[in-house]
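Listed below are the residues making up each chain.
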Amino acid sequence: MQIDIITTTPFDDQKPGTSGLRKKVTVFQQANYLENFVQSIFNSLDDLKGKTLVLGGDGRYYNRQAIQTIIKMAAANDVAGLIIGQGGLFSTPAASNIIRKYQAFGGIVLSASHNPGGPDEDFGIKYNVSNGGPAPEKFTDALFENTKTIKEYKIAKIDDVDLDQIGEQQTGNIKINIVDSVADYAELMAQIFDFDLLKSCIGSGYISLCFDAMHAITGPYAKHILVDVLGASPDSIINAEPKEDFGGGHPDPNMAHAKELTEIMFSDQAPTFGAASDGDGDRNMVMGAGIFVTPSDSLAIIAANAKSIPAYSKGISGVARSMPTSQAVDRVAAKQNLACFETPTGWKYFGNLLDAGKITICGEESFGTGSDHVREKDGLWAVLFWLNLVARRRQPVAEIVQEHWRQYGRDIYCRHDYEAVDAKIANEIFDHLKQQLSGLAGQSFGENTVDYADIFSYTDPVDQSVSHNQGIRIGFTNGSRMVFRLSGTGTVGATLRIYLEKFEADADKHDQDAQEALAELIELAEQFCQVKQRTGRTAPDVIT
Ligand code: G16
C-alpha cells in the first residue's frame, strides 16, 4: 500500500465548537481543509495503531466524498479497521451505539446536525471516544492546537471503497466492514422499550402517529422501527426519504422548521402523537394533539416517569440538564430524591456523569434528551419513550403534561435566537452584559428581584476539570431566570440565544401562552442586553 505524505499549511479556523467543527461545505472543499482536520484528529490520539474506528454521517452533501478521504487517511495512519454504516450513513446515536457495542477505539461522525445541507450549506465532523460520546474538551483543545501547527498529512493510494455493499472487504492494509446502519440500533431500542405493548396500541389504532423525518437520517430508522416493527401505517412517516440537501429544508425539529408536522398536530385531524427529529437524528420534538411539549418539560416528564419503561423500571440513579435548560427536571429530582447536575451546554459534559453511573437520564433545552443507553442524545429514543408512556398511561400527551404541571408546577419557558449577528456587535453585547453583572444582585425590576448574576463555570464532579465562560445567567428571588449565550454550532456570524423561564405554581395559570407569561422578562432581557437596539432587529429570528 503506497502512502503519500502531503505537505500542508495550517488553517486558523479549525476550533471545534459545541459539537465538532461545523463550516460551509465550500470551506471544507478547500484543498487540504478536511485532510488537515482529520490528520489533527489522528495526531491527537495516542495508540491509534491497530485500532478499529467507526465512521459514518448523516448523509448530507459531501458525506460520501469525505468518507472516501477519511478511509484513505485512516489506512495511512495505521488504523486496522473501520466499521462504516451502509452508504456511509449512521445517525449520531446509532454511531454511538456501534462504538459501544463493537468496542471500537472511537469514531468519526460527519454531521452539521440541524444545520441545512447542500453545496452552499453546512458540513461538520467530530470525534467520539470509546464510550461512544463526543470527545471531551481536553481532547478538542489538543486537536485545535494540532490544527494550528500541522505541516503534513498521510494518505494511502487505494481505490474508493464500495460503501453500499454490506460485508467485510480488505483494501490496502485496512479492513472495512460495511454494516446495516439501522439493525443494531433497532435491536437496542427493542431492549429498552415495551415493543409488545407498543405493537398492540399502534396496531389497534389506540395510538396514531405522525413522525417528521425532515428528509434526514431518521427516515430509514423510523420506517423500520415504527412501521415495519411496530406496525404504524407507512404514511405516518412524513418527509421520510433522506436527501443530501434535506429537500431544501432546515432539519431542525422545532415548530418554526417542522411546519408541516406542526400544522397537522394543531388541526382537527391531529393524530394522538407527533414528533420530529433533526439532520443526524439526535434531536427530537414531541407533540400531542394540540400541544407542543418543550424539551425542558419533556426531560422532566421522562425523568418523572422513567420507572414505567422496562429498561428503567428499577429506578434511575440521577438526572442532569444543561445550564440554560429549565429547572423543571430539578423539581422532579427534588421530589424523587435523585441527584441532579447542571452542566454547560454540550452533550460531551454528560459523558463522565453517565460513565460514573451518577446519572441515567439527561437532556437539554436544544431539543436533546437521552439516557445511559448511548453517549449521545437520541431523537428516536425520546420518541419511543413518549409512545411507551402514552401506551402505558393510556392518556393523551396533553393530559400527561398537564398532570405533571399540577404535580410539580410549570416552568414556563422559551428561547429567543438572534441569528447571523455581526460578531463585533455580539461581542459588544456580551461586554455590556458583563459590565452590569457585579451590580445587579439585590436590584428589583418590577416583580423580579435579582438574586445572582454571574458567568457560569462548571467543575466536572468526576475528573474535576473546569470549564469557564459557559454563558451569563441572571437568577431572580422568585425562581425566574434568564440566560444569555452565544451558540457554538452556527456557521454564519454569531447567534445570540436568550433563554427565559418563570415558575408558575398555580394550576389555574398553567394554560398561559409562554410569550405572554414571559413578556416582562423578555422586556427586561432586552433592557440588559440591548440586542434589538444594537442590531436594529425588531424580533428574534426563531422562538422555541
Ligand atoms: C449540539 C450539542 C448539544 C447542544 C447544541 C446547542 O447539538 O450536541 O449538546 O445543546 O449543540 O448548541 P449551541 O446552543 O451552542 O448552538 P447538535 O444537535 O447541534 O449536535
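On a predicted model such as this, the values are computed, not experimentally measured, just so you know.

Caption draft 1: Representation of the overall build of the protein within the structure. When helices and strands are counted, the protein shows 18 helices and 27 strands. Taken over C-alpha atoms, the radius of gyration comes to 23 Å for the protein, in line with the 24 Å a tight globule of 544 residues would show. Seen along its three principal axes, the alpha-carbon backbone of the protein occupies a region of about 70 × 60 × 40 Å. Relative to its 544 residues, the protein shows a buried fraction of 60%. Within the structure as shown, the protein displays about 20300 Å² of accessible surface, and the carbon and sulfur contribution to it stands at 46%.

Caption draft 2: Structural view of the pairing of strand β15 (residues 318-322). The buried fraction of β15 amounts to 5 of the 5 residues, a majority that puts the element mostly inside the structure. In β15, alternate side chains face the same way, and those of G318, A320 and S322 on one face and V319 and R321 on the other are all buried. Here β15 pairs with strand β16 (residues 339-343) via 5 bridges, running parallel. Bridge pairing links S322 to T343 in β16.

Caption draft 3: Here's a closer look at the pattern of salt bridges. Counting across every chain of the model gives 27 salt bridges. Residue K72 pairs with D160 through a salt bridge whose shortest N-O separation is 2.5 Å. With K72 in helix α3 (residues 63-76) and D160 in the loop between β7 (152-156) and β8 (167-171), the pair connects residues that are 88 residues apart, well separated along the chain. Linking R481 and E342 is a salt bridge whose minimum nitrogen-to-oxygen distance equals 3.3 Å. With R481 in strand β25 (residues 481-486) and E342 in strand β16, the pair connects residues that are 139 residues apart, well separated along the chain. Assessed through its relative accessible area of 2%, R481 is described here as buried. According to the relative accessible area criterion, E342 is partly exposed, its value standing at 23%. The structure contains a network of salt bridges with shared partners spanning R321, D330, E342, D454, R473, R481 and E501.

Caption draft 4: A look at the nonpolar core. Residues M189, F211, W381 and W386 are the most contacted members of the largest nonpolar core, which totals 73 residues. In terms of domain composition, this core takes at least three residues from each of domain 1 (3-181) and domain 2 (184-408). Among the nonpolar cores identified, the runner-up in size contains 43 residues, and V25, Y33, I70 and I178 belong to it.

Caption draft 5: Focus on the side chain of T345. Turning to its location among the elements, T345 is positioned in the loop between β16 and α12 (351-355). T345 sits in the buried class, given a relative accessible area of 10%. Every residue in contact with T345, bar those within four places of it in the chain, is listed here: T18, S322, P324, E364 and R485.

Caption draft 6: View of unusual backbone geometry. Despite not being glycine, N32 has its phi angle at roughly 75°, a positive value. Tracing the backbone through its elements, the reader meets N32 in the loop between α1 (25-28) and α2 (33-43).

Caption draft 7: A look at the domain arrangement of the protein. If you check the domain split of the protein, you get domain 1 (3-181), domain 2 (184-408) and domain 3 (410-543). Computed over C-alpha atoms, the centres of domain 1 and domain 3 are 35 Å apart. On the domain 3 side, the residues contacting the 9 residues of domain 1 number 8 residues. Together, the buried faces of domain 1 and domain 3 total about 580 Å²; carbon and sulfur atoms form 41% of this surface. Among the residues of domain 1 in contact with domain 3, T18, R22 and E137 are the three that bury the most area, contributing 57% of the side total.

Caption draft 8: Representation of the site of the ligand within the structure. Around the ligand, the surrounding shell holds 19 residues, and the nearest of these are E364, R485, G488, T489 and R497. H114 is positioned such that a nitrogen or oxygen atom in its side chain is 3.0 Å from an oxygen atom of the ligand. Contact between the ligand and K377: an oxygen atom at 2.9 Å from a side-chain N or O atom of the residue. Burial of the ligand by the protein chains amounts to 99% of its free accessible area of 460 Å². When the residues that make up the shell around the ligand are grouped by side-chain class, the tally is 1 nonpolar, 10 polar and 8 charged.

Cut-off values and rules
Residues numbered from 1 in each chain as written. Predicted model: local features only at pLDDT ≥ 70, side-chain atom pairs only at ≥ 80, totals over all residues. Heavy atoms only, no water. Helix = DSSP H or I, 4+ residues; strand = E, 2+ residues; numbered from the N terminus. Rg over C-alpha atoms; globule rule 2.2 N^0.38 Å. Buried < 20%, exposed > 50% of the residue type's maximum accessible area, 1.4 Å probe, protein only. Areas by Shrake-Rupley, 256 points an atom, 1.4 Å probe, with all protein chains shown as cover. Pairing = 2+ DSSP bridges. Salt bridge = Lys/Arg side-chain N within 4 Å of Asp/Glu carboxyl O. Core = buried A, V, L, I, M, F, W, Y, C linked by side-chain atoms within 4.5 Å. Domains from an automatic or database assignment. Contact = heavy atoms within 4.5 Å. Buried area = accessible area lost by both parts, 1.4 Å probe. Near = heavy atom within 4 Å. Polar contact = N/O pair within 3.5 Å; in protein donor to acceptor, adjacent residues only side chain to side chain. Nonpolar A, V, L, I, M, F, W, Y, C, P; charged D, E, K, R; others polar.

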